[in-house]
Structures are given as structure tokens and as C-alpha cells.
Amino acid sequence: GVILDKIIGGTRINQGTILAFISVAAIWVIVSKTSFGFKANLVGENKNMADYCGIKSGNIIISAQIIGGLLAGFGGAAQLFGMFERFQYSSLPGYGWDGVLIAIVARRKPQYVPFSALFLSYLRIGADIMSRNSDIPFEIVNIIQAVMVLLISATAILGGLKKKLVIKETRELEAAKEGGR
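Sequence order sets the numbering: in each chain, residues are counted from 1 along the sequence as written. With the structure being a predicted model, the display of local features is reserved for residues of pLDDT at least 70 and the display and counting of side-chain atom pairs for 80 or more, all residues being used for whole-chain, interface and lining totals. As a rule here, side-chain values come from all non-hydrogen atoms in the structure, and water together with hydrogens is ignored.

(A) Structural detail: the overall build of the protein. Secondary structure elements follow DSSP: runs of H or I no shorter than four residues count as helices, runs of E no shorter than two count as strands, and numbering proceeds from the N terminus. Across its full length, the protein holds seven helices and zero strands. Of the regular secondary structure in the protein, the N- to C-terminal order runs α-α-α-α-α-α-α. Radius of gyration means the value over C-alpha atoms here, while the globule rule gives 2.2 Å times the residue count to the 0.38 power. Relative to the 2.2 N^0.38 estimate, which gives 16 Å for 181 residues, the radius of gyration of the protein is 22 Å and therefore markedly larger than a compact globule would have. By its C-alpha atoms, the protein is 80 × 45 × 25 Å across when sized along the principal axes. Residues classed as buried in the protein amount to 16% of the 181 residues present. Any two residues having at least one pair of non-hydrogen atoms within 4.5 Å are treated as being in contact. A sequence separation of at least 24 residues applies to 43% of the contacts in the protein between residues at least 6 apart. Summed over all atoms, the accessible surface of the protein reaches about 13600 Å², with 66% contributed by carbon and sulfur. Categorising residues by exposure relies on relative accessible area from a 1.4 Å probe, with only protein chains included: less than 20% of the type maximum marks a residue as buried, more than 50% marks it as exposed, and the intermediate range marks it as partly exposed. The Shrake-Rupley method, run with a 1.4 Å probe, gives the accessible areas here. Residue values count only the displayed protein chains as cover.

(B) The pattern of salt bridges, seen in detail. Salt-bridge detection follows one rule: a side-chain nitrogen of Lys or Arg within 4 Å of a carboxyl oxygen of Asp or Glu. Evaluation of the coordinates by the stated rule reveals four salt bridges. Measuring nitrogen to oxygen at the nearest pair gives 2.9 Å for the salt bridge that ties Glu-45 to Arg-108. In this pair, Glu-45 sits in helix H2 (residues 35-45) while Arg-108 sits in the loop between helix H5 (95-106) and helix H6 (113-133), placing the two residues 63 residues apart along the sequence. Of the charged contacts, one joins Arg-124 and Asp-98 as a salt bridge, the two residues approaching to 2.9 Å between their closest N and O atoms. You can see Arg-124 sitting in helix H6 and its partner Asp-98 sitting in helix H5, a full 26 residues away along the chain. Among the residues examined, Arg-124 registers a relative accessible area of 26% and is labelled partly exposed.

(C) A look at H5. The length a helix should cover is 1.5 Å for every residue beyond the first. Here H5 spans 16 Å end to end across twelve residues, near enough to the 16 Å set by a 1.5 Å rise per residue. Buried residues of H5: Asp-98, Leu-101, Ile-102 and Ala-106, and no others. Buried residues of H5, viewed axially, fall in a sector of 130°; they line one side. For H5, exposure combined with an orientation more than 90 degrees from the buried face picks out Gly-96 and Trp-97. Each direction from the helix axis to a C-beta atom contributes to the arc, which is the arc of those directions.

(D) Focus on the nonpolar core. Counting eight residues, the largest nonpolar core consists of Leu-101, Ile-102, Leu-120, Leu-123, Ala-127, Val-141, Met-148 and Ile-152. When residues of this core are traced back to their parent elements, those giving at least two are H5, H6 and helix H7 (139-179). Not counting residues within four places of it along the chain, the set of residues in contact with Met-148 comprises Leu-101, Val-105, Phe-119 and Leu-123. Listed in part, the five residues of the second largest apolar core include Leu-42, Ala-50, Ile-55 and Ile-60. Definition used in this section: a nonpolar core is a set of buried Ala, Val, Leu, Ile, Met, Phe, Trp, Tyr and Cys residues joined via side-chain atoms within 4.5 Å.

(E) Summary view of the packing of H6 against H7. For helices, the fitted line uses only the C-alpha atoms of the stretch in contact; every axis is such a line through C-alpha atoms, and the angle between N-to-C directions lies from 0 to 180 degrees. Contact geometry for H6 and H7: axes closest at 10 Å, N-to-C directions at 155°. When the axis of H6 is compared with that of H7, the two are roughly antiparallel. H6 and H7 meet at a crossing whose hand is right-handed. Every residue of H7 that contacts H6 at Phe-119, Leu-120, Leu-123, Arg-124, Ala-127 and Met-130 is listed here: Val-141, Ile-144, Gln-145 and Met-148. Classifying every residue of the contact of H6 with H7 gives eight nonpolar, one polar and one charged. Orientation labels follow simple angle bins: below 35 degrees gives roughly parallel, above 145 gives roughly antiparallel, 65 to 115 gives roughly perpendicular, and whatever is left gives oblique. Helix crossings get a hand from a simple test, with the near helix turned counterclockwise from the far one by less than a right angle marking a left-handed crossing and a clockwise turn marking a right-handed one. In this classification, Asp, Glu, Lys and Arg are treated as charged, Ala, Val, Leu, Ile, Met, Phe, Trp, Tyr, Cys and Pro as nonpolar, and every other residue, Gly included, as polar.

Right under this line is the structure:
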């Protein structure tokens with residue numbers, strides 16, 4: 001069968017790690033250096049503006065979803081061939097939700113994905129060690145992750161709210177100036 005060799009003996013780090021870094025670099029190039037990446041960013045920021053500019057938003061969204069699905073399948077294959085001798089289904093590992101968390105922490109920047117993934121793995125490994133060596137339950141880490149996601153999401157939401165308030169205030173000031181003339 002196909003097995004990805006270990007990079008560092010005695011660990012679970014295998015050649016899939018190299019493939020992951022190559023994938024991150026490829027996605028960074030696509031997002032930052034191609035017209036597709038520009039269009040995808042524009043659609044992600046403001047679909048209405050993208051439609052107004054003549055970009056076919058539906059095609060971009062479907063293409064981005066296909067690329068994301070391909071990467072997820074690629075990651076799953078690297079996980080399977082790097083960690084196991086054969087497929088062993090016991091339950092769903094929930095990696096999709098981990099991916100969402102990593103994307104939120106990376107703030108839509110592909111070059112930050114490895115750092116946010118390492119941060120999440122640091123939390124998980126630390127939680128495992130903490131629960132084995134003390135009376136602190138593993139669920140505490142889930143609470144820490146939830147608070148982290150809330151804080152990062154709140155930053156984005158409040159940034160958008162601040163932007164709307166500034167626009168509203170500017171319009172009110174312009175209306176007041178025109179009314180005072």
C-alpha cells in the first residue's frame with residue numbers, strides 16, 4: 001500500500017507535512033497573485049460589488065468550494081496514508097470544524113494557516129497532557145477555544161459595525177452641511 005514515510009522518527013510527523021506546506025504556498029500564490037484570487041477576495045468581501053463589477057460571483061463561489069473540497073480530500077488522504085496502515089473507521093474526527101477554527105484564527109490569509117494550525121495543535125496536545133497529569137478536564141480546552149473564536153469573531157464583527165457607524169455619521173454630517181447652506 002501507499003504509506004507516507006515519517007520525517008522525524010518517533011513522532012507522527014510525516015511527508016504529509018511537506019505536502020501541506022506546498023499546498024499552503026500554492027494557495028497563497030493563487031489568492032495573492034492571480035486574477036482568480038483577486039476575484040475570489042472581492043466576492044468574499046462584497047458579493048454585490050463583485051456583481052456590479054461584472055464578476056460572475058456564482059462561478060467564483062463554486063470554484064472556491066471545489067478547490068476547498070479538493071484540499072480537504074488531499075489532507076484526508078495525507079492523514080490516512082501518513083498515520084495508518086489501513087483505513088479504520090470508528091467515528092468522525094471533526095476535522096472540518098478544526099478547519100473552520102484554523103481559518104478564523106488565520107483571518108483569511110493562507111500564509112497564516114500553518115501558524116494557526118500549530119497553535120490549535122499546541123492547545124490540543126497541552127490539553128491532553130494537562131488532563132493526564134492533573135484533575136483538569138479536557139473540556140477546559142474546548143472552553144478556551146470557544147472564547148478564542150468569540151474574541152476573534154467579535155473583533156471582525158465590531159470592525160464591520162464601526163465601519164457602518166462611520167459611514168452613517170459621515171452621511172449625516174454631509175446632510176447637515178447641505179441643509180445648512
